[in-house]
Amino acid sequence: MSETGTNDDATDQRLRLLIGLVVMLAAGVAVLWTFYAFHVHEPRPSALVLVLLCAAMIVTNRLRVSVRIKSSFFGTTWIEVPVLVGLALLPPVWVLLCAAVAQAIFRTATRAGIWKTAFAVSKETLTVSAAAATFLAFGVQPHLTSPDLPIIVLVAGLLAYVFVDDLVFAPVLATNSQATIWRAARQNLTGKVISHLGQLIACLIVLWVLSTDANVMLLLVVPLVVACMHLWQSRTTRTMQERESWQRLAKATDELNAVDLDRVLHSATTRAAQIFSAAEAAIDLTAGGADRTVRATEAEVLSDSALVRGTTRPGETTVDLVAHDGGVRVGVLRLRFGGAIRLTEVEQYKLRTFASAVCTAIRNAQAYAELARIAAENEHAATHDPLTGLPNRRQLYERAGRLFTDTGHDGLVALLLIDLNHFKEVNDTLGHAAGDDVLREVARRLSGSAESGDLVARLGGDEFAVLLTGLPTPALAGHRASTMLSALEPEIDVDGMLITVEAAGGIALAAGAGSVEELMRRADIAMYQAKRAGEPTTIYAHARDTADVDRLMLTGELRRAINEHEFAVDFQPIVDLASGEVIAAEALARWKHPDQDDLTPVQFLEAVERSGQLPAFADAVLEESLLAMKTWREAGFELPVAVNVSPRSLLDPSFPAAVLARLERHDVSPAQLILELTETLTISQIDVVEQTLAELRDAGIRLAVDDFGTGVSSLSVLSRIPVHELKIDREFVAAVETSAEAAAVVRTTVDLARNLHLTVVAEGVESEPQRRALWELGCVAGQGRLFARPLSAARFVGSLQRGSGGRPGMLAAALHEVGAVVRMPTRRATGAGRSSLPHLPA
């Protein structure tokens with residue numbers, strides 16, 4: 001037997017017990033009144049009076065204002081008027097007899113059934129008895145022609161009648177509707193109060209007419225008063241019910257604005273049971289590939305399980321879950337009331353409205369879940385190696401970056417960089433498929449030998465890295481590295497051929513490295529030292545790092561270099577990928593060292609930051625950039641310039657004012673300056689520089705995130721920094737044609753930028769196929785050797801003047817001829833999502 005069927009049987013049993021108890025109480029009370037009638041000899045009223053009283057009780061019982069709770073209807077009637085008037089005019093036994101007979105006749109005429117008839121007669125016996133006992137307690141002597149009844153007695157009798165009525169009826173109603181007794185008693189409380197006041201007034205009018213010399217014809221006014229008050233009460237109750245129901249519907253619609261499908265389904269079923277006063281609501285979900293059924297009462301979710309088709313029960317009300325505009329049907333909403341219920345036209349419209357809202361909420365939740373799944377797949381593809389399934393370089397950098405910023409972790413951190421010896425011979429001899437098998441087996445063995453908390457990553461080719469965490473001492477890094485490399489010693493079976501894998505590892509401790517890049521550089525140096533020495537592993541030693549010694553030498557030469565203007569600024573054009581038009585330029589600093597070749601920022605920027613010369617260096621680069629802009633403007637080219645800014649510069653509170661003062665000195669609009677921020681900004685750094693960035697943006701200066709996609713927390717950075725532009729790292733651009741992973745990163749970045757109304761610029765565009773692939777993915781601008789290498793300010797303006805194909809300001813031919821009909825890429829940003837960089841007039 002089903003759970004629902006079991007609940008119904010239990011409810012029926014409890015109802016029969018309650019009704020039986022009421023009938024027994026009523027029978028006992030009737031016996032007491034019988035004894036009373038034998039001991040107190042009261043005159044018998046005429047048959048006409050008794051018939052009129054019965055008729056009045058039947059008519060007033062018909063005047064009912066009903067309220068539905070699940071499958072049960074209850075309401076207020078006007079039978080209290082003839083009962084109270086009868087008790088003032090006639091002996092209580094005869095009034096009780098008339099009430100019981102009237103209820104029996106009324107219930108039989110309406111085909112209420114034996115249980116309901118027995119309950120109604122018994123309840124009426126108890127309520128009339130309570131009112132009669134109250135009248136007797138006050139010493140009321142009934143008189144047919146001249147009743148004398150103080151108003152306090154009338155009020156007391158009415159209260160006794162109402163109290164016993166609720167006391168008897170509320171438990172039965174609560175059991176039948178599976179609601180609480182308190183809720184059943186409170187139903188339509190306002191309507192009941194209004195009704196009882198009207199009953200009191202009607203009783204007073206009748207008794208006043210009968211007890212005075214007033215014209216008996218005034219009694220004809222009483223039915224009119226009762227009818228008017230009944231109509232007013234009915235309308236008031238109906239209006240109140242509708243208002244409360246629509247309010248519950250509006251609240252339910254608000255709750256459906258969720259993106260979690262479970263929450264939507266659970267909220268929809270519980271709210272449906274509440275709004276439509278159903279014993280149970282269920283949603284059969286059939287769309288989205290996840291067939292399921294959710295059942296609930298208004299208080300709790302009963303079940304959430306796989307859909308069992310053909311479970312619709314007789315007497316259920318069903319409605320398809322479709323939107324107002326039609327479309328796909330996502331399922332069915334079923335309401336069970338515990339009995340046969342016919343919804344009104346208003347309730348049916350409300351049900352269709354609610355079903356439409358539920359359908360929309362389900363479709364939205366399913367769409368969000370699909371987007372989340374795609375985003376998760378893209379995120380996984382962007383952070384994992386497709387061949388081995390290991391984390392890739394990006395995830396390694398993210399994890400290591402968090403360890404550098406989080407000082408709460410236990411133990412020391414080290415990086416083990418592993419390179420397989422002679423792996424190229426495996427590819428050349430056995431083919432790339434065999435080489436892939438070897439790499440997968442190496443990945444499996446390294447992962448199996450890693451400690452909990454360690455991160456094993458494949459960096460590319462035959463190079464792996466292991467982030468060792470929780471080291472109690474530095475010496476344990478070498479021991480753990482030896483253990484992992486020893487796991488590679490057993491031979492690998494590739495198509496029946498046994499292959500021995502040899503590897504060399506370099507170990508670098510994170511303490512003292514300062515950054516992930518430096519840690520990687522140190523591990524790389526140690527690995528090559530191990531290869532040269534023929535050792536399995538080598539630990540990085542500062543004394544043997546010639547590159548670190550060179551950096552110390554550079555630090556000592558910085559002040560001289562700045563004073564003697566050894567730093568030069570070159571400019572690389574940023575080009576509209578579709579038209580080939582130059583739309584901006586990026587300033588790139590170079591150190592023209594007298595004893596070495598030109599040094600790039602990668603080689604000297606860390607030394608600049610550590611030396612205390614950063615403000616002077618940043619000021620010199622900005623000055624050169626503004627002077628170049630003035631030269632271009634005089635030549636007829638109004639181009640914005642992007643200048644890289646170090647996170648340490650943003651820590652200086654005076655930085656925004658210094659930048660704005662220099663812009664004003666050169667008469668350059670703040671909108672013409674773009675400050676590029678490295679995406680490796682940590683959250684702790686953002687907390688400090690947030691105010692500085694807000695000041696720069698409010699002044700009109702545009703902000704860009706450089707190397708987007710390589711930082712430790714791309715979305716966290718975007719949510720905190722008020723940027724205008726994202727720059728895709730050259731690592732993804734280089735592989736956009738050949739790597740689905742790289743294409744996914746570019747596509748995701750473009751979609752994100754379009755939704756946030758940001759510009760996207762691709763770095764390192766080297767070929768026409770890359771340019772076209774980027775454009776088809778929706779990227780609007782790019783820079784790289786395809787268009788031009790970094791140029792001095794004078795050579796840059798010369799290139800603009802020469803142009804391409806006789807068109808000044810152009811550095812490449814357009815992807816399509818002017819006037820040609822072009823099918824735009826489906827994911828290409830449009831409208832507000834397109835580049836906001838200004839274009840030169842053609």
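Anything mentioned here points back to the structure above.
Everything quoted here is computed from the prediction, not taken from an experiment.

**Student:** Quick question: what am I supposed to make of the pairing of strand β4 (residues 292–296) here?
**Tutor:** Two faces, one strand: in a regular strand the side chains alternate between the faces of the sheet. Summarising burial for β4: five of the five residues are buried, a large majority. A two-sided burial pattern is seen for β4, the buried positions comprising Arg292, Val294 and Ala296 on one face and Thr293 and Arg295 on the other. Pairing of strand β3 (residues 280–285) with β4 involves five bridges; the strand directions are antiparallel. Of the residues in β4, the one forming a bridge with Ile283 is Val294. Bridge count for β4 against strand β5 (residues 301–306) is five bridges, and the pairing is antiparallel. Its bridge partner lying in β5, Arg292 is registered against Ala306. The loop that links β4 with its antiparallel partner β5 comprises four residues.

**Student:** Would you take a moment to explain the packing of helix α19 (residues 614–634) against helix α21 (residues 655–665) for this structure?
**Tutor:** Geometrically, a packed helix pair is captured by the angle between its two axes and the distance between the axes. Remark: α19 packs on α21, axes separated minimally by 11 Å, with the N-to-C direction vectors making an angle of 25°. In terms of orientation, α19 lies roughly parallel with respect to α21. Crossing of α19 over α21 shows right-handed handedness. Contact residues: α19 offers Asp619, Leu622, Glu623 and Leu626, while α21 offers Val659, Arg662 and Leu663. Considering only residue class, the contact of α19 with α21 consists of four nonpolar, no polar and three charged.

**Student:** What is the right way to look at the state of the cysteines in this model?
**Tutor:** With the rule as written, the count across this model stands at zero disulfides. Of all cysteine sulfurs, the one in Cys98 lies closest to Cys54, which takes part in no disulfide; the gap is 3.8 Å. Overall, Cys54 belongs to the buried group, its relative accessible area being 14%.

**Student:** What exactly am I supposed to notice about the environment of Asp385 here?
**Tutor:** Inspection of the secondary structure puts Asp385 in the loop between α11 (345–383) and α12 (393–405). Residues Asp385 and Gly460 lie 75 residues apart in sequence; the distance between their C-alpha atoms is 8.2 Å. Setting aside residues up to four positions removed in sequence, Asp385 forms contacts with Leu390, Pro391, Asn392 and Arg458. Within polar-contact distance, the side chain of Asp385 engages the side chain of Arg458 at 3.0 Å.

**Student:** Hey, could you run me through the nonpolar core in this one?
**Tutor:** Among soluble globular proteins, nonpolar side chains are generally buried collectively. Membership of the largest hydrophobic core comes to 77 residues, with the highest contact counts inside it found for Phe571, Phe617, Trp632, Leu675, Leu774 and Phe796. A per-element tally of this core places α19 first, with eight residues. If you look at the next biggest cluster of nonpolar residues, it comprises 43 residues, including Val83, Val128, Ala131 and Cys203.

**Student:** I keep staring at α21 and nothing clicks. Help me out?
**Tutor:** What sets the pattern is the α-helix's 3.6 residues per turn: residues three or four places apart point alike. The complete set of buried residues in α21 reads Phe655, Pro656, Val659, Arg662 and Leu663. Projected down its long axis, α21 carries its buried residues within an arc of 135°, all on one side. Along α21, the residues that are exposed and aim more than 90 degrees away from the buried face are Ala657, Glu664 and Arg665.

**Student:** What is the right way to look at unusual backbone geometry in this model?
**Tutor:** Excluding glycine, residues mostly carry a negative phi; peptide bonds, for their part, are mostly trans. Located in the positive-phi region is His422, a residue other than glycine, with phi close to 60°. Mapped onto the fold, His422 is located in the loop between β8 (412–421) and α13 (423–430). For His422, a relative accessible area of 54% translates into the label exposed. Positive phi values are uncommon outside glycine, yet Asp495 reaches one of about 55°. Mapped onto the elements of the fold, Asp495 is located in the loop between β11 (492–494) and β12 (497–499).

**Student:** Explain the packing of aromatic side chains here, please?
**Tutor:** The description of two aromatic rings rests on the distance between their centres and on the angle between their planes. Under the criterion given, the structure shown has six aromatic pairs. Where Phe567 meets Phe617, the ring centres are 5.0 Å apart and the plane angle is 70°; that geometry is what we call edge-to-face. Placement of the pair is Phe567 in strand β15 (residues 567–576) and Phe617 in helix α19, with a sequence separation of 50 residues. In this structure Phe617 comes out as buried when scored by relative accessible area, which is 8%. Ring pairs connect the aromatic residues Phe567, Trp591 and Phe617, which therefore count as one cluster.

The rules behind these values
Residues numbered from 1 in each chain as written. Predicted model: local features only at pLDDT ≥ 70, side-chain atom pairs only at ≥ 80, totals over all residues. Heavy atoms only, no water. Buried < 20%, exposed > 50% of the residue type's maximum accessible area, 1.4 Å probe, protein only. Helix = DSSP H or I, 4+ residues; strand = E, 2+ residues; numbered from the N terminus. Pairing = 2+ DSSP bridges. Axes fitted to C-alpha atoms, helices over the stretch in contact; angles between N-to-C directions. Parallel < 35°, antiparallel > 145°, perpendicular 65-115°, else oblique. Left-handed = near helix turned anticlockwise from the far one by under 90°. Contact = heavy atoms within 4.5 Å. Nonpolar A, V, L, I, M, F, W, Y, C, P; charged D, E, K, R; others polar. Disulfide = S-S within 2.5 Å. Polar contact = N/O pair within 3.5 Å; in protein donor to acceptor, adjacent residues only side chain to side chain. Core = buried A, V, L, I, M, F, W, Y, C linked by side-chain atoms within 4.5 Å. Arc of directions from axis to C-beta. Phe/Tyr/Trp six-rings, centres within 6.5 Å; stacked < 30°, edge-to-face > 60°.

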